[in-house]
Structures are given as C-alpha cells and as structure tokens.
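Remarks on the overall topology
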Amino acid sequence: MPLGTSLPFGLRDIKLVEYPSLEATSFGSTLVDLPNARTMSFNDTEEYTELRGDDKLVTSHGQGSSIEWEIESGGVSFAAHRIIAGGTVTETGITPNQRKRLRKKATDQRPFFVALGQAISDGGGDLHAILYLCRSTGNVEAQMADTEFMLPSVS
C-alpha cells in the first residue's frame, strides 16, 4: 500500500526502553509498557541563525534538530515511572503483601530512554513512531483527586 493512502487512527500502544547508562550508547533489553496510553505527541523543530548584511541574506546556519514530545497515560507502573523520572525501585515482602517503593534522590539524574508508539490503520500502513534519546526536561506530572482518574503526563 502506498504511504499516501495510509490513515492511522488512534493510539494503540506505547513502550519505553531505558538506556542502561547516562552515556546512552546502547539500548536496554527490556520493553516496559506504558499502561492505558492516551497521548503521544511530538514536534520536530530546528532553530536557525542568519547572517544578514546589505539588505540581503548572506548565509544561515541550523542549530540542529530537536524533538519536543509529550506522553500522557491513564496510570503509570513503577517501572515506567523509574525510566521517565529516574530513581530506584525496591520490592519487599511476598505477594499479596508485597510493597514496592520508588525512591528518587535529589542527586539522581533523569535517564535517557526510547519511546515507541503505535497507531493502527484499518487499511494497512500502521504508523510506528520511535523517539530516540528522550529525556524528560519538563514536568513529570500527576494529580490524585477524589472521583477522578489519575492521568500522569511527561514532556
């Protein structure tokens, strides 16, 4: 099917893969599902510096492409939150009395990760968006309120 006739609809899945080190030179081996994914948006931008003189453009220089992205989910697992925000997950006890704790120190840096999103097209031509070298530089937000679902978001 030609690319021009593909009509992806909806968001079917988001997976996260952590880079094992802050250098982000190799991929991790575990795909972590972002449960109940609601939004995955991305915006590819590049800033240019221009040299103008004598009422004309002499040259321009691109500063390098950057991607602004945002992910929103209905709930978040400890593993996914750790990939996004950094920190350490510790598990104590045995099911059904197991306790999981996410601990984030002020000295913990936010890690790099890969975000993989999928939208399905009924006529074929599914869209798979892969965002490499993601790092949360914005807010990691969630609000818990009475009679409302918790919808974490990150950018």
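First, a word on scope: everything that follows refers to the structure included in this document. (Residues numbered from 1 in each chain as written. Predicted model: local features only at pLDDT ≥ 70, side-chain atom pairs only at ≥ 80, totals over all residues. Heavy atoms only, no water.)

As for its position among the elements, Gly87 is in the loop between helix 1 (78-85) and strand 5 (88-92). For the pair Gly87 and Glu47, spaced 40 residues apart in the sequence, the C-alpha separation amounts to 33 Å. Non-local contacts of Gly87, meaning those with residues more than four positions away in its chain, are made with Arg82, Arg103, Lys104 and Asp108. (Helix = DSSP H or I, 4+ residues; strand = E, 2+ residues; numbered from the N terminus. Contact = heavy atoms within 4.5 Å.)

Moving on: the pairing of strand 4 (residues 56-73). Judged from the 15 bridges that link them, strand 3 (residues 37-53) and strand 4 form a sheet pairing that is antiparallel. Opposite Thr49, over in strand 4, you have His61 as the bridge partner. Counted along the chain from strand 3 to the antiparallel partner strand 4, the turn is two residues long, and its residue Asp54 has a positive phi close to 50 degrees. The sheet contact formed by strand 4 and strand 10 (residues 153-154) spans two bridges and is antiparallel. Directly across from Ile71, in strand 10, lies its bridge partner Val154. (Pairing = 2+ DSSP bridges.)

Reading across from one edge, 2-1-7-8 is the order of the four strands in this open sheet, with antiparallel pairing throughout. Looking at which strands have only one partner, the edges of the open sheet turn out to be strand 2 (31-33) and strand 8 (127-134). Shown here is a sheet whose adjacent strand axes are inclined to one another by a mean of 25 degrees, direction ignored. The pairing of strand 1 (residues 9-18) with strand 2 spans three bridges and is antiparallel. Note that in strand 2 the partner of Lys15 across the bridge is Asp33. On the sheet, helix 1 packs against strand 1, strand 2 and strand 7 (113-120) and is oriented at approximately 70 degrees with respect to strand 1. (Axes fitted to C-alpha atoms, helices over the stretch in contact; angles between N-to-C directions.)

Here the focus is the nonpolar core. Core analysis: the biggest nonpolar cluster contains 16 residues, and Leu16, Met40, Trp69, Ile71, Phe113 and Ala115 have the highest contact counts within it. If we skip the residues at most four places from it in the chain, Leu16 touches Thr30, Leu31, Val32, Leu34, Ile71, Ala80, Ile83, Ile84, Phe113, Val114 and Ala115. (Core = buried A, V, L, I, M, F, W, Y, C linked by side-chain atoms within 4.5 Å. Buried < 20%, exposed > 50% of the residue type's maximum accessible area, 1.4 Å probe, protein only.)

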